[in-house]
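Residue strings, one per chain:
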Amino acid sequence: MTIRVNGQDREVSEGTTVLALIEQHNLTPQKVAIELNRRLLRTEKYDTVLKPNDEIEIVTFVGGG
Amino acid sequence: MSTIETSASPQVQHLRHGQAARDIPSPSAFDLFRIGNFEVANRLFVGTGKYQTYELMQQALDVSGCQVVTVAVRRERLVDKEGRSLLDFLDLSRYVILPNTAGCFSADDAIRVALLGRELLEKQGNRGAGWVKLEVLGDKKTLLPDPVGTLEATRELVKEGFTVLAYTSDDPRSAVRIKEAGAASVMPAGSPIGSGQGVLNPLSISLCLELLKENDPSFPVIVDAGVGTASDVTIAMELGADGVLLNTGIAHAKDPVKMAVAMRHALEAGRLSYQAGRIGKKRYATASSPFEGVISYIPGE
């Protein structure tokens, strides 16, 4: 199924959780924050199973003023 | 080519620091000030953007003396990730992180970014979880704040429990409105972000200070944006600002580490000078040496 990750379409298998998606990208859950369909998703909900057309944002800190 | 005759040169008098000068106790420019529930001693807030390397950023932050550093929230680069992350280069036990909402042009987006920033800091156990440097911008060219969006976002974020430090223009009435909306600190811009033009309108900044601190002298006002060089920091502090937030002035200096030291001293100089109280400006000279007892001819007398 297709979901949108950080503004780009991605194919993921059915049943993929948010946590699995984070780990697929070699990211540490502790160092990212997640938005699912424009709403903040807290760490305790990273077991949420993704649905087709879900929009997910995986963000972190970068340098800024 | 002739060479200078050195033997005839007078002996150079080396004037070094006297022992007494070092023993004089120095008044502190680092009295604590409060922003909501945050208590801050160092009044210089430094950004983490635009350094050539993370190592250079680390050194500059270190010597700037700052306690509070700002960061931005951005998408993870999922492709070609270098593997180096800002978080690996910030000592989170030393610095309080102030996440910004830079790059947001609507109140809604700024609120989303603020929530994400708070979540990230909660995960890191950093004391900065709970405050935010709010930026709601009008356009990409000027990066000037959108006053209406800033007000809306301030109200919402205060409802969400945030300590809001709101970036605004130097318009005194906007500043007052933002305070009324619940901001814990108002941060008027000296000049546009990254422009290096310094405090372009000292009158506006001083009116912001006067109106924001009326019957509330401890309300924190931080001059944010536009600092190009150390004297800009001093000017802002001399006007009575509680602090200065800057980034490009250090990050893009030819020698960022040296400039960071200069900024630290400039802040201290400005703060002390504000506390000390400057003299009034006069049209004519007033002699420091007495005229009484002069042996000279004085024109007109």
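Structural notes, computed from the coordinates. (Residues numbered from 1 in each chain as written. Chains lettered and ligands numbered in written order. Predicted model: local features only at pLDDT ≥ 70, side-chain atom pairs only at ≥ 80, totals over all residues.)

1. Notes on unusual backbone geometry
Residues and elements named next belong to chain A. Although it is not a glycine, asparagine 6 adopts a positive phi angle of roughly 45 degrees. Along the chain, the position of asparagine 6 falls in the loop between strand 1 (2-5) and strand 2 (8-11). Judged by C-beta crowding, with 17 C-beta atoms within 10 Å, asparagine 6 ranks as partly exposed. In this model, asparagine 37 sits at a positive phi of 50 degrees, which is unusual for a non-glycine residue. Tracing the backbone shows asparagine 37 in the loop between strand 3 (33-36) and strand 4 (39-41). Asparagine 37 sits in the exposed class, given 12 other C-beta atoms within 10 Å. (Helix = DSSP H or I, 4+ residues; strand = E, 2+ residues; numbered from the N terminus. Buried ≥ 20, exposed ≤ 12 C-beta atoms within 10 Å, placed from the backbone.)

2. Things to note about the nonpolar core
Residues and elements named next belong to chain B. Membership of the largest hydrophobic core comes to 91 residues, with the highest contact counts inside it found for Val69, Leu134, Leu165, Ala236, Val244 and Met263. Examining the composition of this core, we find that eight residues originate from one element, helix 3 (residues 107-124), more than from any other. The residues touching leucine 134, leaving out its near neighbours within four places in the chain, are Thr101, Ala110, Thr150, Ala153, Thr154, Leu157, Val164, Leu165, Ala166 and Tyr167. (Core = buried A, V, L, I, M, F, W, Y, C linked by C-beta atoms within 7 Å. Contact = placed C-beta atoms within 7 Å.)

3. Quick notes on the packing of helix 3 of chain B against helix 4 (residues 147-159) of chain B
Residue and element names in this part refer to chain B. Running from amino to carboxyl end, helix 3 crosses helix 4 at an angle of 40 degrees, the nearest separation of the two axes being 8 Å. It follows that helix 3 is oblique to helix 4 by the angle criterion. Handedness of the crossing formed by helix 3 with helix 4: right-handed. Of helix 4, the residues touching helix 3 (which contributes Ala107, Ala110, Ile111 and Ala114) are Gly149, Glu152, Ala153, Glu156 and Leu157. Each residue belonging to the contact of helix 3 with helix 4 can be placed in one class, and the counts come to six nonpolar, one polar and two charged. (Axes fitted to C-alpha atoms, helices over the stretch in contact; angles between N-to-C directions. Parallel < 35°, antiparallel > 145°, perpendicular 65-115°, else oblique. Left-handed = near helix turned anticlockwise from the far one by under 90°. Nonpolar A, V, L, I, M, F, W, Y, C, P; charged D, E, K, R; others polar.)

4. Considering the sheet that holds strand 8 (residues 185-188) of chain B
All names here are of chain B. Ordered in space as 6-7-8, the three strands form an open sheet in which the pairing is parallel. One side of each edge strand has no neighbouring strand; the edge strands of this open sheet are strand 6 (131-134) and strand 8. Sheet twist, expressed as the average angle between the axes of neighbouring strands with direction ignored, equals 15 degrees. By the bridge criterion, four bridges tie strand 7 (residues 163-168) to strand 8 in an arrangement that is parallel. If you follow threonine 168 over to strand 8, its bridge partner there is proline 188. (Pairing = 2+ DSSP bridges.)

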